[in-house]
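Take a look at the letters that make up each chain.
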Amino acid sequence: NAGVTQTPKFQVLKTGQSMTLQCAQDMNHEYMSWYRQDPGMGLRLIHYSVGAGITDQGEVPNGYNVSRSTTEDFPLRLLSAAPSQTSVYFCASSYSGGRGELFFGEGSRLTVL
Amino acid sequence: GDSVTQMEGPVTLSEEAFLTINCTYTATGYPSLFWYVQYPGEGLQLLLKATKADDKGSNKGFEATYRKETTSFHLEKGSVQVSDSAVYFCALRTSTGANSKLTFGKGITLSVRP
């Protein structure tokens, strides 16, 4: 079972560069989300989607863009990378918004120099 | 808004010691409660969950009981092993339609020494 797949696992960028973190799930989940994990901060929600064509902002959306053209994919775009975006990023999905558990990918470690 | 408060860490225990990790929450509505575990270099895995008051979640020897009266969901294990060394996150999720996000505590690092 693939579950939630994130790519790349590691990436180094220079300030000002742009890139896309990919996320795909094969569980037919309607709800998908992106979190960032920073030391001492826990996980903070960046953006989420409750279905194809629908996205919304989380707690820390600035500097990030998302789209949801299919149920399976939910890419996260960094428009102009900054050192403050150095973090570990996790994609997570679940059945439609409710109180069920989220399934997480293995994470993408991003360093911005 | 919703929030989760976990006890400060890190925590270091000897193998076979008793473990308690405190977690309290503030939420509107009736949340589901979760404990996630993150082993070194890996993503988050669901450890256990409870969806209503007085439910007890359990897995791999870990237990937690949903206490609505004290708004708590403390994690316990009777005898920890070295393999339990990881970061543990308490989380909640409320059913508020499109805004049904998972809210995490800051996490606590557990180290178990032989």
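About the thresholds
- Residues numbered from 1 in each chain as written.
- Chains lettered and ligands numbered in written order.
- Predicted model: local features only at pLDDT ≥ 70, side-chain atom pairs only at ≥ 80, totals over all residues.
- Heavy atoms only, no water.
- Disulfide = S-S within 2.5 Å.
- Helix = DSSP H or I, 4+ residues; strand = E, 2+ residues; numbered from the N terminus.
- Buried < 20%, exposed > 50% of the residue type's maximum accessible area, 1.4 Å probe, protein only.
- Core = buried A, V, L, I, M, F, W, Y, C linked by side-chain atoms within 4.5 Å.
- Contact = heavy atoms within 4.5 Å.
- Buried area = accessible area lost by both parts, 1.4 Å probe.
- Salt bridge = Lys/Arg side-chain N within 4 Å of Asp/Glu carboxyl O.
- Polar contact = N/O pair within 3.5 Å; in protein donor to acceptor, adjacent residues only side chain to side chain.
- Pairing = 2+ DSSP bridges.
- Axes fitted to C-alpha atoms, helices over the stretch in contact; angles between N-to-C directions.

Undergrad: Would you explain the state of the cysteines in this entry?
TA: Working definition: the covalent bond between the sulfur atoms of two cysteines is a disulfide. Residues and elements named next belong to chain A. Evaluation of the coordinates by the stated rule reveals two disulfides over all chains. Residue pairing for Cys23: its cysteine sulfur links by disulfide to Cys91, the two sulfurs lying 1.9 Å apart. The disulfide joining Cys23 to Cys91 has a torsion of about -70° about its S-S bond and is therefore left-handed. Remark: Cys91 occurs in strand 9 (residues 87-94) and Cys23 occurs in strand 3 (residues 19-25); sequence separation between them is 68 residues. Per residue, the accessibility class of Cys23 equals that of Cys91, and both read buried.

Undergrad: Can you walk me through the nonpolar core in this structure?
TA: It is characteristic of soluble globular proteins that their nonpolar side chains tend to be buried jointly. Within the largest apolar cluster, 27 residues are counted, with the highest numbers of intra-cluster contacts made by Trp35, Leu47, Leu48, Phe73, Leu75 and Tyr88 of chain B. The leading source of residues in this core is strand 10 (residues 86-93) of chain B, at four residues. Filtering out sequence-adjacent residues up to four positions away, Tyr88 of chain B remains in contact with Gln6, Ile21, Trp35, Tyr36, Val37, Leu47, Phe62, Leu75, Gly107, Ile108 and Leu110 of chain B. By size, the runner-up hydrophobic cluster in this structure holds 18 residues, among which are Leu21, Met32, Trp34 and Val66 of chain A.

Undergrad: Explanation requested: the interface of chain B and chain A in the structure shown.
TA: Bring the parts together and some accessible area is lost; that lost area is often taken as the interface size. Facing 25 residues of chain B, the contacting portion of chain A comprises 22 residues. Approximately 1,800 Å² of surface area, both sides summed, lies buried where chain B meets chain A, with 51% of it carried by carbon and sulfur atoms. Three residues stand out in chain B for area buried against chain A, namely Leu44, Arg93 and Lys101 of chain B, and they jointly supply 28% of the buried area on that side. For the pair chain B and chain A, the interface holds two salt bridges. Between Glu101 of chain A and Lys49 of chain B there is a salt bridge, with the nearest N and O atoms lying 2.7 Å from each other. Remark: the boundary between chain B and chain A carries six residue pairs in polar contact (both at pLDDT 80 or more). Put simply, the parts of the chain that give the side of chain B that touches chain A at least two residues each are strand 5 (32-38), strand 6 (44-50), strand 10 and strand 11 (102-104) of chain B. The biggest single contributor to the side of chain B that touches chain A is strand 5 of chain B, with four residues.

Undergrad: Got a minute to help me understand the sheet that holds strand 3 of chain A in this structure?
TA: Residues and elements named next belong to chain A. Pairing is antiparallel across the open sheet formed by four strands, whose spatial order is 1-3-8-7. At either margin of the open sheet sits one strand with a lone partner, and together these are strand 1 (4-7) and strand 7 (64-66). On average, adjacent strands in this sheet sit at an angle of 20° to one another, irrespective of strand direction. Here strand 3 pairs with strand 8 (residues 76-78) via three bridges, running antiparallel. Considered in strand 8, the bridge of Leu21 is made with Leu76.

Undergrad: Where do I start with the side chain of His29 of chain A in this structure?
TA: Mapped onto the secondary structure, His29 of chain A falls in the loop between strand 3 and strand 4 (31-38). Apart from the residues within four sequence positions on either side, His29 of chain A is in contact with Arg68, Thr71, Ser93, Ser94, Tyr95 and Phe103 of chain A.

Undergrad: Would you explain the pattern of salt bridges in this entry?
TA: Any two side chains of opposite charge can pair, on the condition that their charged atoms come close. Tallied over the entire structure, the rule returns eight salt bridges over all chains. The salt bridge involving Lys9 of chain A is made with Glu106 of chain A; its shortest N-O contact spans 3.8 Å. One end of the pair, Lys9 of chain A, is in the loop between strand 1 and strand 2 (10-13); the other, Glu106 of chain A, is in the loop between strand 10 (103-104) and strand 11 (108-112), with 97 residues separating them in the sequence. Overall, the relative accessible area of 43% leaves Lys9 of chain A in the partly exposed class. For Glu106 of chain A, a relative accessible area of 55% puts it in the exposed group. The partner of Glu59 of chain A in a salt bridge is Lys101 of chain B, with the nearest N and O atoms 4.0 Å apart. In this pair, Glu59 of chain A is assigned in the loop between strand 6 (54-57) and strand 7 and Lys101 of chain B in the loop between strand 10 and strand 11, connecting two distinct chains. The class for Glu59 of chain A is partly exposed, based on a relative accessible area of 45%. According to the relative accessible area criterion, Lys101 of chain B is partly exposed, its value standing at 22%. Connected via shared salt-bridge partners are Arg36, Asp38 and Arg44 of chain A.

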